[in-house]
Amino acid sequence: MTKNGKKAIGILAIQGDFAMHARMLERVGVGWRLVKHARDLQGVDGLILPGGESTTMLKLFASEGMDKAIKDFAAQGKPIFGTCAGAILLATEVLNPPQERLGLIDMTVERNAYGRQIDSSVRFGECPELADHPVEMVFIRAPVIRRVGEGVRVLGRSDGLPVLVEAGQLLAATFHPELTQDETIHQYFVNKLGSDS
Ligand code: GLN
């Protein structure tokens, strides 16, 4: 919560692609704060885990106690949105190779699973509950969601694969919605804050 009582979303800013999320939140019209330390989570109502390199983020998490702080944040029912590397961090199981994770969304993700030739691409996908238009999706060395658990809803698909999933207040995209002009996904996440944001 900011001083004027408005809600704000934290953007994890220890590594990776956080600046474009801030720009997208400006467009959606919600406050934001960069989160560099575990204590920064105290002032925010939701959290974005951006793309980047999940292995690097994990190393920084361990030294900072950030992993426990994020799990506590989720346990308070606060919304978290992970994009690409952020989605990998949220999963309960990571393949290629197996690695540590926060284990907050019951799903198995395979890192860098689109292969080297098409390791980055722009495609369109369907998110029927969110938008009645095809959603532009930027994939950059993206993971593939290989399995989702019972409580996990698939909200978006591209080429038949799940690319946007939700488990209660938690949202994960294997693509980068912040790199397009389409606010659909961020708007959906911001709505999780409740009506007084
Ligand atoms: N390949 C990266 C990882 O495994 C994710 C890439 C991204 O976030 N754009 O962490």
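Read on for a plain summary of the structure. Worth saying up front: this structure is predicted, and the values here are computed from it rather than measured.

Take the sheet that holds strand β6 (residues 105-110) next. Spatial strand order, β5-β6-β9: 3 strands in an open sheet with mixed pairing. Two strands close off the open sheet at either side, each with one partner strand: β5 (91-95) and β9 (144-148). Here the strands of the sheet are splayed against their neighbours by 25 degrees on average, with no regard to which way each runs. Here β5 runs beside β6; their pairing, made up of 4 bridges, is parallel. Looking across to β6, one finds that leucine 95 is bridged to glutamate 110.

What follows covers the state of the cysteines. Going through the model one piece at a time under the given rule, you end up with 0 disulfides. As a non-bridged cysteine, cysteine 127 has cysteine 84 as the owner of its nearest cysteine sulfur, 15 Å distant.

Turning our attention to the site of the ligand. Every residue lining the ligand is accounted for by Gly51, Gly52, Glu53, Ser54, Cys84, Ala85, Ile88, Arg111, Asn112, Ile140, Arg141 and His176. Contact between the ligand and asparagine 112: a nitrogen atom at 2.8 Å from a side-chain N or O atom of the residue. Between the ligand and histidine 176, the relevant distance is 2.9 Å, taken from a nitrogen atom to a side-chain nitrogen or oxygen of the residue. A total of 300 Å² of accessible area belongs to the ligand in isolation, and the protein chains cover 98% of it. Considered class by class, the residues forming the shell around the ligand number 4 nonpolar, 5 polar and 3 charged.

Once that is clear, we can look at unusual backbone geometry. A cis amide bond links asparagine 96 to the next residue, proline 97, at an omega of -15 degrees. With respect to the secondary-structure elements, proline 97 resides in the loop between β5 and β6. Positive phi, close to 70 degrees, is recorded for asparagine 96, a residue that is not glycine. Mapped onto the elements, asparagine 96 comes out in the loop between β5 and β6. Residue classification places asparagine 96 among the partly exposed residues on the basis of a relative accessible area of 39%.

Below, the discussion takes up the nonpolar core. Core analysis: the biggest nonpolar cluster contains 32 residues, and Leu41, Leu49, Ile70 and Ile80 have the highest contact counts within it. When residues of this core are traced back to their parent elements, those giving at least two are β3 (46-49), α2 (54-64), α3 (66-75), α4 (85-90), β5, β6, β11 (161-167) and β12 (170-173). Judged by nonpolar contacts, the second largest core, of 28 residues, contains Val28, Leu130, Phe175 and Leu193.

For the coordinates displayed, the defined rule picks out 10 salt bridges. Notably, a salt bridge pairs aspartate 159 with arginine 123, separated by 3.1 Å at the nearest N-O pair. Here arginine 123 lies in strand β7 (residues 120-125) and aspartate 159 lies in the loop between β10 (153-158) and β11, a separation of 36 residues in the sequence. Residue arginine 123 is classed as buried on the basis of its relative accessible area of 14%. Taken together, the shared-partner salt bridges connect Glu129, Arg153, Glu166 and Lys192 into one network.

Calculation rules
- Residues numbered from 1 in each chain as written.
- Predicted model: local features only at pLDDT ≥ 70, side-chain atom pairs only at ≥ 80, totals over all residues.
- Heavy atoms only, no water.
- Pairing = 2+ DSSP bridges.
- Helix = DSSP H or I, 4+ residues; strand = E, 2+ residues; numbered from the N terminus.
- Axes fitted to C-alpha atoms, helices over the stretch in contact; angles between N-to-C directions.
- Disulfide = S-S within 2.5 Å.
- Near = heavy atom within 4 Å.
- Polar contact = N/O pair within 3.5 Å; in protein donor to acceptor, adjacent residues only side chain to side chain.
- Areas by Shrake-Rupley, 256 points an atom, 1.4 Å probe, with all protein chains shown as cover.
- Nonpolar A, V, L, I, M, F, W, Y, C, P; charged D, E, K, R; others polar.
- Buried < 20%, exposed > 50% of the residue type's maximum accessible area, 1.4 Å probe, protein only.
- Core = buried A, V, L, I, M, F, W, Y, C linked by side-chain atoms within 4.5 Å.
- Salt bridge = Lys/Arg side-chain N within 4 Å of Asp/Glu carboxyl O.

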